[in-house]
Amino acid sequence: RYNTHCATTFYSIKQPSMLPVLLFFLLVAATTAQTTSTNSTKSPPDILFIVPDRSTPYPNGLHNGILTSAYNYDADYSVEVIDYGNYDQAKSFAVLNAAIDTPTEQQPKVYCIWPMDVESKRLAGKLFETHRVPIVQINQLPDDWELDHLVGYAGPKDAERAGNAGIMMGDAMKERGVENAKVIALGYPASYGGYPLSIEAFRNSIDPSIDIVKEIPLAPPDLRQSAYIEIVNLIDNNMEFNGVYAMDDAILLGAYEALNDRGRVYVKGENDGPDAVTLVGTVCNGARELLENGKQYGTTIQAPFLEATLAFDQAMEYIETGKLNETIRFTPNPIARGDSWDGMVVDFLGKAYAADSLCTWNQYHERINGLMDTFDTQNACDWVDCLFIPEGLFIAGYVMVGINYLLILVGSILLFIHRKKKIILLAQPFFLALILLGSAVDTTSIIFMSRDSRNYTRRELDNGCAAFVWLLTLGQMLTTATLVAKIYRVKRVTSQMRPGATNIAKKTKVTTKDVAGFIVGGLLIDIVILAVWFGTAPFKWTTQVTSQDFNGIILQAVGQCSSEGSNAWVYPMVIVILHLLLLVYANVLAYQTRAFHRISDSKMAAVCVFNSIQLLIIATIIVAMSGDNVSIAYIIKACYAFLNNFGVIALMILPKLYQCYYNKDDDVHSRLATTVVQPSHQAGYISGLGNVSHIDRATLCNNRASVSDSEANASPPPSRRPTESDIPEESEVE
């Protein structure tokens, strides 16, 4: 018997009556009793194999060897195979424990067991001690206790194949002319019994001039994927190595895929530079294509088919003779190089086998390994295709920065030169300077958003993400809050000069400190929000997956600044709403002081603020809709930072500097003194605007309709231009 399966049939009965149902249950009961009786009398198999299932090539070769041996043997012996899945530890434990619990009279004559790890070997030992049934161990080398108690071993000689790998690695480095070569050794998990023997044999056989810089036992269950990640980490950490040895070719495929992603697989005559890496494996269970194309230097022939044949031969020898003449028997592990494998023949147990027929490799390489998580590497874009912002857009961003910086620099110089001019004093130079400072801070954010992983490290990108948000937020707040404070100050000092007021007798003095709360308060609120944001969900550089294949391998990704957490969007939204409300309030203030636009810049401020409101709303919506399209998001963010600050400078500062530069500063006097009447009330003085007792209220209010008919028809006194004392000094404006 081989791989006996039990089939269960399910019956479907439509609209049953009670009698058919009763008959059905009686039939089932009778069948169950018969089956139980049959099972209770079933004789145990002569040989019972406990091995992995056929789902992977190597165990599949073992199953083929068992089937072929059972078929070819003339004697009438029964053979049964129980598998424990694809190296499923839990299932392996369950199968071995079930064997331990089986009564002695139901035990086979010989067990042939492939224990998957040390714990499984321990259970196999318990099985032997419980029932004293001889065990032939397959593939896994026996330890000292097993040598004394188990009947035999059939499998490869780990030390021989690893030693052959060391010989091939030395030959490969000599052929390449690499002196003092550095090699990485990738092995089975440390729990595998043959790991220490293999590593020791590789060390002893390799050329003394070669340095094994790192020995890595891989993490189960997917050793091939583990090998890929280990090579990724080594390259990320800039470790130098010229060769990779893997304890089998399946593991080697993971290393090959990682090296091939970076173009570092050695191929003679094609890719043989100093950074190229030579691959040497064993077991011939990888991809034959690599040997054929020179991408793998060599391997060793290892045949699970022969392991099964040898184990079966030992089991039959014990059943027939009660002993084994040779308890430890190895399958051959000869060297197979890329230029010789196709002509190799292996002699074993009196038969000749073509080496290619014994190997469990695939004819062609099919990629199944790669990055499955962006956190497996320092920069996922080094390993997968990433969507990058075109360099041309970065250049455009730097041009925007240059334009604004030039305007800010020229504006700052001219503002300092003309700081004593009347139009500058009237426009409150301290606030103009703050507007330039805020624009400079805001514009600088474009520099830090113009980065990606092509030219910057992960740490630099994280710092750039933080700098971008802080500069953009605080720069815009400084500019907007300054505009609010500037207009609010004018509103306060002109509160007694509203159209229709009968007098301006009350002296109103509003200093810079009185309105500084808008600036300081706004900045403090932003700082608190940013601090909470970065303390709970830091805004940093992340690489997000945009496409994966059916194996979960990342095909495409995109790097951008973002925050983790489902509620991270709350913080930028709060900042946007806060800034939007402040801009709306600034627009309201500009409307309330529209009558004094000749001295308050309310018209220009209204245009400037309305421009900022539009830009903020449009930019927020488009960036939110851009998704993974980092190019569109970058264009919108950069243009927003540029246009917002360019508009503030062009509307609020450059016109005044233009008048100063072309000596048109006297126009302010003509605007204020176009129509002057002798006031009938006590002279008024407003800090920040100076002595306005000689200025007609209708002129200041830009509302001649408020002047009474008698005043309008009266003969005006001789007009005069304001004197120096009428315009506020710098100390009065500060």
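Throughout this document, residue positions are counted from 1 along each chain, in the order its sequence is written. Local features in this predicted model are restricted to residues of pLDDT 70 or higher, and side-chain atom pairs are both shown and tallied only at a pLDDT of 80 or more, whereas totals for entire chains, interfaces and linings draw on every residue. Just so you know, side-chain values use all the structure's heavy atoms and leave hydrogens and water out.

### Observations concerning helix H15 (residues 429-449)
- Taking 1.5 Å per residue, 21 residues should reach 30 Å; H15 reaches 31 Å between its end C-alpha atoms and fits that length.
- For H15, a buried count of 15 out of 21 residues is recorded, marking the element as mostly surrounded by other parts of the structure. Helix numbering and strand numbering both begin at the N terminus, where a helix is a DSSP run of H or I of at least 4 residues and a strand a DSSP run of E of at least 2. Multiplying 1.5 Å by the helix residue count minus one yields the expected span of that helix. Burial status follows relative accessibility: with a 1.4 Å probe on protein chains alone, a residue under 20% of its type maximum counts as buried, one over 50% as exposed, and anything between as partly exposed.

### Some points on the packing of helix H8 (residues 223-236) against helix H9 (residues 249-261)
- All axes here are fitted lines through C-alpha atoms, helices being fitted over the stretch that makes contact, and every angle between N-to-C directions spans 0 to 180 degrees. At a closest axis distance of 7 Å, the pairing of H8 and H9 adopts a crossing angle of 35 degrees. Seen from above, H8 lies across H9 with right-handed handedness. Counted together, Leu 223, Arg 224, Ala 227, Tyr 228, Ile 231, Val 232 and Ile 235 of H8 and Ala 250, Ile 251, Leu 253, Gly 254, Ala 255, Glu 257, Ala 258, Leu 259 and Asp 261 of H9 form the full contact between these two elements.
- Polar here means any residue other than Ala, Val, Leu, Ile, Met, Phe, Trp, Tyr, Cys and Pro, which are nonpolar, and Asp, Glu, Lys and Arg, which are charged; Gly is therefore polar. A breakdown of the residues in the contact of H8 with H9 according to their chemical character gives 12 nonpolar, one polar and three charged. Crossing handedness: left-handed means the near helix sits turned counterclockwise from the far one by under a right angle, and right-handed means the same turn made clockwise. Throughout, a residue-residue contact means that at least one pair of heavy atoms, one from each residue, lies within 4.5 Å.

### Some details on the nonpolar core
- Throughout, nonpolar core names a set of buried Ala, Val, Leu, Ile, Met, Phe, Trp, Tyr and Cys residues whose side chains join them through atoms within 4.5 Å. In this structure, Phe 49, Leu 186 and Val 244 are the most contacted members of the largest nonpolar core, which totals 113 residues.
- Every residue in contact with Phe 49, bar those within four places of it in the chain, is listed here: Ile 66, Val 79, Glu 80, Val 81, Ile 82, Cys 112, Ile 138, Ala 311 and Phe 312.
- Counting 70 residues, the second largest nonpolar core, distinct from the first, contains Phe 431, Leu 461, Val 469 and Ile 613.

### Observations concerning the sheet that holds strand S15 (residues 385-387)
- Two strands form a pair only when DSSP identifies at least two bridges running between them. With mixed pairing, the three strands of this open sheet are ordered in space as S15-S17-S16. Only two strands of the sheet have a single partner each, and these edge strands are S15 and strand S16 (539-548). Across the sheet, the axes of successive neighbouring strands diverge by a mean angle of 35 degrees, strand direction being ignored.
- With nine bridges joining them, S16 and strand S17 (residues 554-563) adopt antiparallel strand pairing. Opposite Trp 541, over in S17, you have Cys 561 as the bridge partner.
- Contacts from helix H16 (residues 458-493) reach S16 and S17, with the element oriented near 110 degrees to S16.

### Some points on the packing of aromatic side chains
- The rule is short: rings of Phe, Tyr and Trp, with Trp giving its six-membered ring, pair when the centres are within 6.5 Å, and they are stacked under 30 degrees, edge-to-face over 60, tilted in between. Under the counting rule described, the total for this entry stands at 19 aromatic pairs.
- On the numbers, 6.4 Å between centres and 85 degrees between planes, the contact of Phe 128 with Trp 145 is edge-to-face. Note that Phe 128 is positioned in helix H4 (residues 118-131) and Trp 145 in helix H5 (residues 144-149), a separation of 17 residues in sequence.
- Classification of Phe 128 as buried rests on a relative accessible area of 9%.
- Judged by relative accessible area, Trp 145 falls into the partly exposed class, the value being 31%.
- An aromatic cluster of three or more residues is present, and its members are Phe 468, Trp 470, Trp 533, Phe 534, Phe 539 and Tyr 571.

### A short note on helix H3 (residues 89-101)
- The terminal C-alpha atoms of H3, which comprises 13 residues, lie 18 Å apart, in line with the 18 Å expected from a rise of 1.5 Å per residue.
- Of the positions making up H3, those classed as buried are Ser 92, Val 95, Leu 96, Ala 99 and Ile 100. The buried residues of H3 all sit within an arc of 140 degrees when viewed along its axis, so they share a single face. Away from its buried face, by an angle of more than 90 degrees, H3 presents the exposed residues Ala 90 and Asp 101.
- Those residues of H3 that are buried lie in contact with strand S1 (47-51), strand S2 (79-83), strand S3 (110-113) and H4.
- Two N or O atoms count as a polar contact when they lie within 3.5 Å, although within protein this holds only if one can serve as hydrogen donor and the other as acceptor, and sequence-adjacent residues are included solely when both atoms are side-chain atoms. Here H3 starts with a cap whose side-chain oxygen sits 3.1 Å from the backbone nitrogen of Ala 90, and that cap is Asp 88. Of all possible arcs, the one meant is that of the directions from the helix axis to the C-beta atoms.

### Considering the pattern of salt bridges
- In what follows, salt bridge is the name for a side-chain nitrogen of Lys or Arg lying within 4 Å of a carboxyl oxygen of Asp or Glu. Inspection of every chain in the model, using the stated rule, returns 17 salt bridges.
- One salt bridge connects Glu 146 with Lys 121, and the closest N-O pair in it is separated by 3.3 Å. Highlighted residues: Glu 146 in helix H5 and Lys 121 in helix H4, separated in sequence by 25 residues.
- Each of the salt bridges in this network shares a partner with another, and the network as a whole consists of Glu 200, Arg 203 and Glu 215.

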